[in-house]
Amino acid sequence: MGLSDAELEAVRAIERADGADDDLEAFFAGAVRARPVREVRVEPFLIARHPLTVAQVRHWLPEYEDSFAESASHTARLEDDLDDLLGALPFRLPSEAEWEYAARAGTTTLTFRGDGKPDEDQVLGDFADEERTAAAENAFGLAAMGSANEICADVWVPHFTEAPADARPRTGDGPRVARGGGGDLHPWQGCDEWLLLLSATRDEVQDFTAIRPAAPVPTNAASASD
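Computed from a predicted structure; not experimentally measured.

A. Region of interest: the environment of V177. Looking at the secondary structure, you find V177 in strand 3 (residues 176-179). Between the alpha carbons of V177 and Q206 there is a distance of 9.4 Å; along the sequence they are 29 residues apart. Ignoring any residue separated from it by four or fewer positions in sequence, one finds V177 in contact with E96, E150, I151, C152, D154, V155, W156, R202, D203 and V205.

Structure (structure tokens):
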């Protein structure tokens, strides 16, 4: 988990090939926020195939309105309704370690597609087209990882020093961690938005956020009673 030396070098290779829109020194200076790289043991869990859509949020919050989405099949981005939804959902937020495990899907590259520069074909906000959604899946069958800035259960800490090795969320006061966000300015405006699609990219929640629910793996009722 975290932004490895190999991934940093892959970003530098993109920059050397004139693949970046601007100078990326701010990105490299901020890499400490996703370091040190560490091993984390992640227990089995369930996570949604894609972030909650407007239609799905309305299942729990019938009056929910979204000024960002173009249709009910687009990703819902929560602001003032966030606490209400979290209180109503029968699911939990993924920990940050669980989210990165899900995003990487067994890879150690910049994205699950490899070390090449991501582009806008990786951004997915409308899940009405099943063929398009399926094309955006990683090896775990999860779509649009990195497209929306998704909230995690962890409180924001600007590094991984002394973070739990068992994927528990870090707790405390303050904003939570957000992962992704490559589709929050779409179409792209030449601000190196592709960096937000990287599996290791992390920040703190500031304005709106998307939710990809998680849940424990159900126990076998018969086995539990034996």
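B. Here's a closer look at the side chain of S4. Among the secondary structure elements, S4 is positioned in the segment before helix 1 (5-16). Excluding anything up to four places from it in sequence, S4 contacts R35 and V37.

C. Spotlight on the packing of aromatic side chains. Within this structure, the stated rule accounts for five aromatic pairs. A centroid spacing of 6.1 Å and a plane angle of 90 degrees characterise the contact between W60 and F91, whose relative ring orientation is edge-to-face. Within this pair, whereas W60 is found in helix 3 (residues 54-60), its partner F91 is found in the loop between helix 4 (82-88) and helix 5 (96-104), the two being separated by 31 residues in sequence. Residue classification places W60 among the partly exposed positions, given a relative accessible area of 24%. The class of F91 is partly exposed, set by a relative accessible area of 40%. Ring geometry for F68 versus F208: centroids 4.3 Å apart, planes at 50 degrees, classification tilted. Highlighted residues: F68 in the loop between helix 3 and helix 4 and F208 in the loop between strand 4 (202-204) and strand 5 (214-216), separated in sequence by 140 residues.

D. Looking closely at the sheet that holds strand 2 (residues 150-155). On the basis of which strands lie adjacent, the open sheet formed by three strands has the order 2-3-4 and antiparallel pairing. The strands lining the two open edges of the sheet, one partner per strand, are strand 2 and strand 4. The mean angle between the axes of side-by-side strands here comes to 40 degrees, regardless of whether they run parallel or antiparallel. Sheet topology places strand 2 next to strand 3; three bridges connect them, and they run antiparallel. Residue pairing across strands places E150 opposite R179, the latter belonging to strand 3.

E. Here's a closer look at the nonpolar core. Counting 23 residues, the largest nonpolar core has L3, V11, L24, F27, W194, L195 and L198 as its most contacted members. Taken together, the elements giving at least two residues each to this core come down to helix 1 and helix 2 (25-29). Sorting elements by how many residues they give to this core places helix 1 first, with four residues. Discounting residues that sit within four places of it in the chain, F27 has contacts with L3, L8, V11, L195 and L198. Ranked by size, the runner-up nonpolar core spans 16 residues in total, among them Y64, A76, L85 and L89.

The rules we used
- Residues numbered from 1 in each chain as written.
- Predicted model: local features only at pLDDT ≥ 70, side-chain atom pairs only at ≥ 80, totals over all residues.
- Heavy atoms only, no water.
- Helix = DSSP H or I, 4+ residues; strand = E, 2+ residues; numbered from the N terminus.
- Contact = heavy atoms within 4.5 Å.
- Phe/Tyr/Trp six-rings, centres within 6.5 Å; stacked < 30°, edge-to-face > 60°.
- Buried < 20%, exposed > 50% of the residue type's maximum accessible area, 1.4 Å probe, protein only.
- Pairing = 2+ DSSP bridges.
- Axes fitted to C-alpha atoms, helices over the stretch in contact; angles between N-to-C directions.
- Core = buried A, V, L, I, M, F, W, Y, C linked by side-chain atoms within 4.5 Å.

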